[in-house]
Amino acid sequence: MEKFQESMYKLIVETSTKLPKDVRRAILAAKLKENAGTRAAMSLDTITDNILKADENVSPICQDTGLPTFKIKVPVGANQIKMKKAIRQAIADATKDTKLRPNSVDSITGDNSGDNLGDGTPVIKFEQWEEDYIDARLILKGGGCENKNIQYSLPAELEGLGRAGRDLDGIRKCIMHSVYQAQGQGCSAGFIGVGIGGDRTSGYELAKEMLFRSVDDVNPNENLRKLEEYVMDNANKLGIGTMGFGGETTLLGCKIGVINRIPASFFVSVAYNCWAYRRLGVKLNAETGEIQEWLYQEGEEIDFAKADKEAAAALEQQEEKTRSITLEAPITEEQIRELKVGDVVTINGMMHTGRDAIHKHLMDNPAPIDLNGQIIYHCGPVMAKDAEGNWEVKAAGPTTSIREEPYQGDIMKKFGIRAVIGKGGMGPKTLAALKDHGGVYLNAIGGAAQYYAECMEKVEGVDLMEFGIPEAMWHIRVNGFTAVVTMDSHGNSLHEHVEKSSLQKLEQFKDPVFK
Ligand SMILES: O=C(O)C[C@H](O)C(=O)O
Ligand code: SF4
């Protein structure tokens, strides 16, 4: 097993940096469906551009490299203790090489272990089998989509859909609802794994297990095959679209599994995965640990460029172009008041990162720098230090903004911040503050970590490093950073609009389908 650790390192790097072919195919199909010039089409362009940049740079597709979860099938007699040790070392090495973000945080103190090792991280699950080779699979599922997982206990009363009973039709309603409730916050268009039955733990386990199926496979269970097809046909009618901007594609894949339950319980568990669906697998020689075959990689190379050309040609034909505005901090209230939902903003100059720990901190403490007229970016980047000791941005897409809802409005007013960039939108408290204070919310494309890292020209400094790399406040000079106004200072919110219209659309699925 001398090659096992090296093989696990390769599996980690490949999973973090290269989307598998089955996922690429699904994204390409979505891209071909969107009309050129729409926000959804523009977002998909950024997404495919990002996928190619990650290939080229061998850098994380998304900065949130998730909670590494390994599923390993081994022949009888394989030494699982040694394998576990090798995997942990490979994880630490990949973190050091900035292929993974240091993501393991002490739940009480908030301390980041720095190497992705800690109690419960990574997750490694072994199973014995009768084959003579090792099957090792890895999923890197980020936090934003994990937060959109949902578990239903039937019977239930569901918003928009009414009663969901303890039968196939009740399950159908839960799945439709799960897609609706995720909106764009888990970086739609997404993939869902569904677990029917079990208890609260094994139901979720099964849901995650479903994410290891190939996007292209067909469910051998006839009832579940029909249900999967139904969900794929209809979830896309909700109009949530890429990043929740509205559009044709909301869901890219749906895989459903079933296990028995006990009479009193009836759970439907849904694991939501973002478009940055990073899961791969390898077959290994059980003697040497060497890679024999990569999984999920059947079929031809996926050519996004052809779809790009078609979209560009269609765009040329369009008469109405999106308004595009350039902003550079310090920004005045007047400049902000001119912005409207739908405007595309290009940012040059300084922005400052701030996510969960910073927002909590700023409520009761002064800011480390003058934030008047400045831009806050909800982002926890992957950073590397070069030979001269300068910081370099390796991956830096937005994080889910709604977590800052309790703080955002107050902080903007307290420090005079004019713009916040994030993804997934914010709620009524922030919307009211934007109107009152003169602020704007800009939605960047979630997961596009390479695309945004490339706009970052220089790291000018960092404060509050005690919160760890992802949570620190990085002061970054950018050039050509593009985002869309989705909440303006006139009380308009695209997120509120899409949520309301998708709820209306959800209601058309109220009547029974599976009897
Ligand atoms: O932690 C992050 O950087 C992003 C997170 O995965 C999110 O989707 O909010
Ligand atoms: S930022 Fe989006 S793409 Fe990245 S892990 Fe979170 S949900 Fe996934």
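Just so it is clear, the model here is predicted, and its values are computed rather than measured.

Quick look at the site of ligand 2
And then number 1: Taken together, 13 residues form the shell around ligand 2, and within it Cys62, Gly142, Cys187, Cys274 and Arg278 come nearest.
And then number 2: Among the residues making up the shell around ligand 2, the classes are represented as six nonpolar, four polar and three charged.

Some words on the pairing of strand E17 (residues 419-422)
And then number 1: Side chains Ala419 and Ile421 of E17 all project onto a buried face; the interleaved residues Val420 and Gly422 project onto the opposite face, where all are buried too.
And then number 2: Where strand E14 (residues 375-377) lies against E17, three bridges are found, and the strand directions are parallel. Residue Ile376 lies in a different strand from E17, and its bridge partner there is Val420.
And then number 3: Note: E17 against strand E18 (residues 440-443), four bridges, orientation parallel. Directly across from Val420, in E18, lies its bridge partner Tyr441.
And then number 4: Once the chain exits E17 it traverses helix H13 (residues 428-437) before rejoining the sheet at E18, and the crossover so formed is right-handed.

Description of the packing of helix H11 (residues 356-364) against helix H12 (residues 405-415)
And then number 1: One can describe the packing of H11 onto H12 by two numbers: an axis separation of 10 Å at closest approach and a directional angle of 55°. As the angle between them shows, H11 and H12 are arranged oblique. Our pair here, H11 against H12, has a crossing hand that is left-handed. Counting all contacts with H11, which are made through His359, Lys360, Leu362, Met363 and Asp364, the residues of H12 involved are Tyr407, Gln408, Asp410, Ile411, Lys414 and Phe415.
And then number 2: Taken together, the residues that form the contact of H11 with H12 break down as five nonpolar, two polar and four charged.

Concerning the site of ligand 1
And then number 1: Taken together, Gln63, Asp64, Arg101, Gly143, Gly144, Arg355, Thr399, Thr400, Arg403 and Lys423 make up the full set of residues near ligand 1.
And then number 2: Separating an oxygen atom of ligand 1 from a side-chain N or O atom of Thr399 is a distance of 2.8 Å.
And then number 3: At 3.4 Å, a side-chain N or O of Arg403 approaches an oxygen atom of ligand 1.
And then number 4: Relative to its unbound accessible area of 270 Å², ligand 1 is 94% covered by the protein chains.
And then number 5: Taken together, the residues of the shell around ligand 1 break down into no nonpolar, five polar and five charged.
And then number 6: Counting only domains with at least three residues in the shell around ligand 1, you end up with domain 1 (1-142 + 279-320) and domain 3 (324-499).

Observations regarding the state of the cysteines
And then number 1: This structure, assessed with the given rule, holds zero disulfides.
And then number 2: Just so you know, Cys455 is unpaired, no disulfide at all, and the nearest cysteine sulfur is the one on Cys379, 12 Å from it.

What to know about the pattern of salt bridges
And then number 1: A complete count under the given rule lists 33 salt bridges for this structure.
And then number 2: With a closest N to O distance of 3.1 Å, Glu228 and Arg213 form a salt bridge. Taken together, the positions of Glu228 in helix H8 (residues 222-235) and Arg213 in the loop between helix H7 (200-210) and H8 put the pair 15 residues apart, joining distant regions of the chain.
And then number 3: The exposure class assigned to Glu228 is buried, which follows from its relative accessible area of 6%.
And then number 4: Of the charged contacts in the structure, one is a salt bridge between Lys413 and Asp436, with a shortest N-O distance of 2.8 Å. Taken together, the residues Lys413 in helix H12 and Asp436 in helix H13 connect sequence positions 23 residues apart.
And then number 5: Judged by relative accessible area, which is 41%, Lys413 ranks as partly exposed.

Regarding the UniProt feature "domain: Fe-S hydro-lyase tartrate dehydratase alpha-type catalytic" (unreviewed entry) in the protein chain
And then number 1: The UniProt feature table records "domain: Fe-S hydro-lyase tartrate dehydratase alpha-type catalytic" (unreviewed entry) at residues 6-282.
And then number 2: Secondary structure content for residues 6-282 is 38% helix and 22% strand, while the C-alpha to C-alpha distance between its ends is 12 Å.

Looking at unusual backbone geometry
And then number 1: Of note, the amide linkage connecting Thr121 to Pro122 takes the cis form, showing an omega dihedral of -10°.
And then number 2: Within the fold, Pro122 resides in the loop between helix H4 (80-96) and strand E2 (123-129).
And then number 3: Phi at Met243 takes a positive value of approximately 60°, unusual for a residue other than glycine.
And then number 4: Secondary-structure assignment places Met243 in the loop between H8 and strand E8 (251-258).
And then number 5: The backbone of Leu464 shows a phi angle near 55°, a positive value even though the residue is not glycine.

A short note on the sheet that holds E8
And then number 1: The four strands are arranged E4-E9-E7-E8 in an open sheet whose pairing can be described as mixed. The two strands at the open ends of the sheet, each matched to only one other strand, are strand E4 (150-153) and E8. On average, each strand axis in the sheet is inclined to that of its neighbour by 15°, with strand direction left out of account.
And then number 2: Alignment of strand E7 (residues 190-196) against strand E9 (residues 267-273), held across six bridges, turns out to be antiparallel. Paired with Ile192 across the two strands is Tyr272, which belongs to E9.
And then number 3: Helix-sheet contacts for helix H6 (residues 168-182) involve E4, E7, E8 and E9, and the interaxial angle to E4 is about 145°.

Section: helix H2 (residues 21-33)
And then number 1: Taking 1.5 Å of rise per residue, the 13 residues of H2 would be expected to cover 18 Å, and the 19 Å separating its terminal C-alpha atoms lies within 8% of that figure.
And then number 2: Along H2, the residues classified as buried are Lys21, Asp22, Val23, Arg24, Ala26, Ile27, Leu28, Ala30 and Lys31.

Let's talk about helix H15 (residues 494-506)
And then number 1: Taking 1.5 Å of rise per residue, 13 residues should cover 18 Å, and H15 covers 18 Å from first to last C-alpha, within 8% of that figure.
And then number 2: If you check which residues of H15 are buried, you get Leu494, His495, Val498, Ser501, Ser502 and Leu506. One face of H15 carries all of its buried residues, which in axial projection span an arc of 145°. Exposed side of H15, more than 90 degrees from the buried face: His497, Lys500 and Gln504 are the residues found there.
And then number 3: Structurally, H15 contributes buried residues whose contacts are with helix H3 (39-57), H6, E18 and strand E20 (473-487).
And then number 4: With a side-chain oxygen positioned 3.2 Å from the backbone nitrogen of His495, the residue opening H15 is Ser493.

Digging into the environment of Ala164
And then number 1: Assignment of secondary structure puts Ala164 in strand E6 (residues 162-164).
And then number 2: Remark: the alpha-carbon pair of Ala164 and Lys510, spanning 346 residues in sequence, is separated by 9.4 Å.
And then number 3: Excluding anything up to four places from it in sequence, Ala164 contacts Leu154, Pro155, Ala156, Leu158, Gly170, Lys173 and Cys174.

Some words on the environment of Glu310
And then number 1: In this structure, Glu310 sits in helix H9 (residues 304-317).
And then number 2: The class of Glu310 is partly exposed, set by a relative accessible area of 48%.
And then number 3: Residues Glu310 and Ala36 lie 274 residues apart in sequence; the distance between their C-alpha atoms is 8.5 Å.

Quick notes on the rules
- Residues numbered from 1 in each chain as written.
- Chains lettered and ligands numbered in written order.
- Predicted model: local features only at pLDDT ≥ 70, side-chain atom pairs only at ≥ 80, totals over all residues.
- Heavy atoms only, no water.
- Near = heavy atom within 4 Å.
- Nonpolar A, V, L, I, M, F, W, Y, C, P; charged D, E, K, R; others polar.
- Buried < 20%, exposed > 50% of the residue type's maximum accessible area, 1.4 Å probe, protein only.
- Helix = DSSP H or I, 4+ residues; strand = E, 2+ residues; numbered from the N terminus.
- Pairing = 2+ DSSP bridges.
- Right-handed = clockwise from strand over helix to strand, strands pointing away.
- Axes fitted to C-alpha atoms, helices over the stretch in contact; angles between N-to-C directions.
- Parallel < 35°, antiparallel > 145°, perpendicular 65-115°, else oblique.
- Left-handed = near helix turned anticlockwise from the far one by under 90°.
- Contact = heavy atoms within 4.5 Å.
- Polar contact = N/O pair within 3.5 Å; in protein donor to acceptor, adjacent residues only side chain to side chain.
- Areas by Shrake-Rupley, 256 points an atom, 1.4 Å probe, with all protein chains shown as cover.
- Domains from an automatic or database assignment.
- Disulfide = S-S within 2.5 Å.
- Salt bridge = Lys/Arg side-chain N within 4 Å of Asp/Glu carboxyl O.
- UniProt positions renumbered as here; feature names shortened; annotations may be inferred.
- Expected span 1.5 Å × (residues − 1).
- Arc of directions from axis to C-beta.

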